Amino acid sequence: MKKYILDDNGYYLGTTDHEDVTHTKIEETLPELTDIQTAKWDGSQWVVEEDPAKVKYKANEWKRNRRFEYPSVEELVVALYDEEDKAAIIEKRNAVKAKYPKPE
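A brief look at the structure comes next. Just so it is clear, the model here is predicted, and its values are computed rather than measured.

1. A short note on helix H1 (residues 52–59)
Burial of H1 is sparse: only 0 of the 8 residues sit out of reach of the surface. Among the residues of H1, the N-terminal cap falls to Asp51, whose side-chain oxygen and the backbone nitrogen of Ala53 are separated by 2.9 Å.

Pasting the structure below:
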């Protein structure tokens, strides 16, 4: 039997095999969760619900991905004075936007 670690509100945090860790003994298997779901033990069964923080984090994933691939500040400064660099910057930025499109 898995030993489930729950927070004070009954939300699933993880599992343990360690005897000294406070845990809840639950006979029912934890359901499969997507990356935006969380599970809560209500005393008799698992209740699966969407976690608002995870939903918001997932919704902004495209922004985080773009941030790391956009041209650097140094590249942008050089592009201010060089037309060839400016065209390359625009092309690079458009490629990143195509790779990580903004959700509708």
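There's more to say after this.
2. Considerations on the pattern of salt bridges
Counted under the stated rule, the structure contains 4 salt bridges. A salt bridge links Lys92 to Glu75; its shortest N-O distance comes to 3.4 Å. Taken together, the residues Lys92 in helix H4 (residues 83–99) and Glu75 in helix H3 (residues 73–81) connect sequence positions 17 residues apart. Several salt bridges share partner residues, and in doing so they unite Asp35, Lys58 and Glu61 into one network.

3. A closer look at the packing of aromatic side chains
This model, assessed by the stated rule, comprises 4 aromatic pairs. For the ring pair Tyr4 and Trp46, a centre distance of 5.2 Å and an interplane angle of 75 degrees mean the geometry is edge-to-face. Of this pair, Tyr4 sits in strand E1 (residues 3–6) while Trp46 sits in strand E5 (residues 46–50), placing them 42 residues apart in sequence. Summarising the aromatic geometry, the rings of Tyr12 and Trp46 are spaced 6.1 Å apart at their centres and angled 85 degrees between planes, so their arrangement reads as edge-to-face. Residue Tyr12 is located in strand E2 (residues 12–16), and its partner Trp46 is located in strand E5; the two are separated by 34 residues in the primary sequence. Tyr12 sits in the partly exposed class, given a relative accessible area of 24%. By relative accessible area, Trp46 is classed as buried at 7%.

About the criteria used
- Residues numbered from 1 in each chain as written.
- Predicted model: local features only at pLDDT ≥ 70, side-chain atom pairs only at ≥ 80, totals over all residues.
- Heavy atoms only, no water.
- Buried < 20%, exposed > 50% of the residue type's maximum accessible area, 1.4 Å probe, protein only.
- Helix = DSSP H or I, 4+ residues; strand = E, 2+ residues; numbered from the N terminus.
- Polar contact = N/O pair within 3.5 Å; in protein donor to acceptor, adjacent residues only side chain to side chain.
- Salt bridge = Lys/Arg side-chain N within 4 Å of Asp/Glu carboxyl O.
- Phe/Tyr/Trp six-rings, centres within 6.5 Å; stacked < 30°, edge-to-face > 60°.

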